[in-house]
Amino acid sequence: MPNPFRRLFMILLVCVVPLTVSQAADPPAPPVFTEGKDYVVLSNPVTTATPGKVEVIEFFSYTCPHCYNLEPSVQAWLKHKPDHVAFVRIAVAFGAGWEPSARAYYAAEDLGVLDQLHPLLFAAVHRNPRMGLDELAAFFAEQGIDQGRFRNAYQSFHTETQLRRGTQLAQRYKIEGVPAVIVNGKYEVRSPQMFEAVDFLIAQEPPTPTNPTAN
C-alpha cells in the first residue's frame, strides 16, 4: 500500500526546491545607505583637489587605534578602487602628541618611500604612540633610510606645507575625530560598513570631465 505521507513529502519537495534554486540564482541586493544615519551631506561642500575624478579623503593618525583597525579595510578597498576615483590620505595633528607621526608620514612622502613604509610605520607607532623624532629616526634607519635624510625631510618645506594643509582641510571639513572619510567634498561617511557606504556614495557622483586644453 503506498505511503500517503511519503507522497505528501514528495509534493512539498517539488514545490520548495524550485523556489530555493530561484532565490539562489538572484544576486544579493546592494546595501542601501541612509542620509543622516550612514552618511551626512556637508552643509558647506569643499572643492576637491583632483578635477575630473571622484575624490575620497581619509583623515587619519598613526596614533589612533581606530585608524589602525580600519587600515586592513582601506587596503582591501584600494585593490578594487575604480580608476576614476582618487584616494587621498591626510595625516592630521590634533595635538602635540600627534605631530611627530604626522610629520613622519609626510617625511616618508617627501623621501619617496611612503608606499614601502606606510604599513610598517603604522604598526610601529601603534606599538608606541609616543614615538618622537629620535625614535622615528631610528625606525627609518632600520628601514635603510639615512637618519640625516629623514631629519631633513621631517622639517622640510614639503612636510611643513602638507602638515599645515592637513590642519586647514580638517578645519574646513569640521573634522572632530579620526578616522574620518569624506567623499567628493560633499559627504562624510558615518556607517560601520565604511567602504560599502563609500562605494554607494561614489555611485552618486559620476566623474566630471575635465575641460580639454584649447588649441
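For the structure, see preceding data.
Calculation criteria
- Residues numbered from 1 in each chain as written.
- Predicted model: local features only at pLDDT ≥ 70, side-chain atom pairs only at ≥ 80, totals over all residues.
- Heavy atoms only, no water.
- Salt bridge = Lys/Arg side-chain N within 4 Å of Asp/Glu carboxyl O.
- Helix = DSSP H or I, 4+ residues; strand = E, 2+ residues; numbered from the N terminus.
- Buried < 20%, exposed > 50% of the residue type's maximum accessible area, 1.4 Å probe, protein only.
- Expected span 1.5 Å × (residues − 1).
- Bend = angle between axes of the 7 residues up to and from the residue.
- Contact = heavy atoms within 4.5 Å.
- Pairing = 2+ DSSP bridges.
- Right-handed = clockwise from strand over helix to strand, strands pointing away.
- Phe/Tyr/Trp six-rings, centres within 6.5 Å; stacked < 30°, edge-to-face > 60°.
- Lys NZ or Arg CZ within 6 Å of the ring centre and 35° of its normal.

Visitor: For this particular structure, what's the right way to read the pattern of salt bridges?
Guide: Should the charged atoms of two oppositely charged side chains come close, the side chains can pair. On inspection of all chains with the given rule, the structure shows seven salt bridges. For glutamate 99, the salt bridge goes to arginine 103, with nearest N and O atoms at 2.7 Å. Remark: arginine 103 and glutamate 99 occur in helix α3 (residues 99-111); sequence separation between them is four residues, near one turn of the helix. On the basis of relative accessible area, arginine 103 is assigned to the buried category, the value being 9%. Here arginine 103 ties to glutamate 160 by a salt bridge, and the two come within 2.9 Å at their closest N and O atoms. Residue arginine 103 is located in helix α3, and its partner glutamate 160 is located in helix α7 (residues 157-172); the two are separated by 57 residues in the primary sequence. Assessed through its relative accessible area of 28%, glutamate 160 is described here as partly exposed. One connected set of salt bridges, linked through shared partners, spans Glu58, Glu71 and Arg89.

Visitor: Can you help me understand helix α4 (residues 114-127) in this one?
Guide: In an α-helix, one turn spans 3.6 residues; hence positions three or four apart end up facing the same way. The end-to-end C-alpha separation of α4 is 19 Å, in line with the 20 Å expected for 14 residues at 1.5 Å each. Of all bends in α4, the biggest is about 30 degrees, found at leucine 120. Burial in α4 covers these residues: Leu114, Leu117, His118, Leu121, Phe122, Ala123, Ala124 and Val125. For α4, the elements touching its buried residues are β2 (54-60), α2 (65-78), β3 (85-91), α3 and α5 (133-142).

Visitor: How should the pairing of β2 be read in this particular structure?
Guide: Buried residues dominate β2, accounting for seven of its seven residues. The alternating pattern of β2 places Val54, Val56, Glu58 and Phe60 on one face and Glu55, Ile57 and Phe59 on the opposite face, and all of these are buried. Two elements, β2 and β3, share seven bridges in a ladder whose sense is parallel. Paired with phenylalanine 59 across the bridge in β3 is isoleucine 90. As a crossover connection, the stretch from β2 through α2 into β3 is right-handed. Looking at chain direction, β2 and strand β4 (residues 180-183) are connected through four bridges and run antiparallel. Bridge pairing in β4 links glutamate 58 to valine 181.

Visitor: Is there a simple way to explain the packing of aromatic side chains in this structure?
Guide: Two aromatic rings, taken as a pair, are described by how far apart their centres are and by the angle between their planes. Going through the model one piece at a time under the given rule, you end up with 17 aromatic pairs. Ring plane angle 55 degrees and centroid distance 5.6 Å describe the contact between phenylalanine 150 and tyrosine 154, whose orientation is recorded as tilted. Placement of the pair is phenylalanine 150 and tyrosine 154 together in helix α6 (residues 147-154), with a separation of four residues, close to one helical turn. An identical accessibility class is assigned to phenylalanine 150 and tyrosine 154; each is buried. Within the aromatic cluster, the residues linked to one another by ring pairs are Phe60, Tyr62, Tyr68, Tyr105, Tyr106 and Phe122. Directly above the ring of tyrosine 154 sits arginine 103, whose terminal nitrogen or CZ lies 5.6 Å from the centroid.

Nothing here speaks to function; it is geometry throughout.
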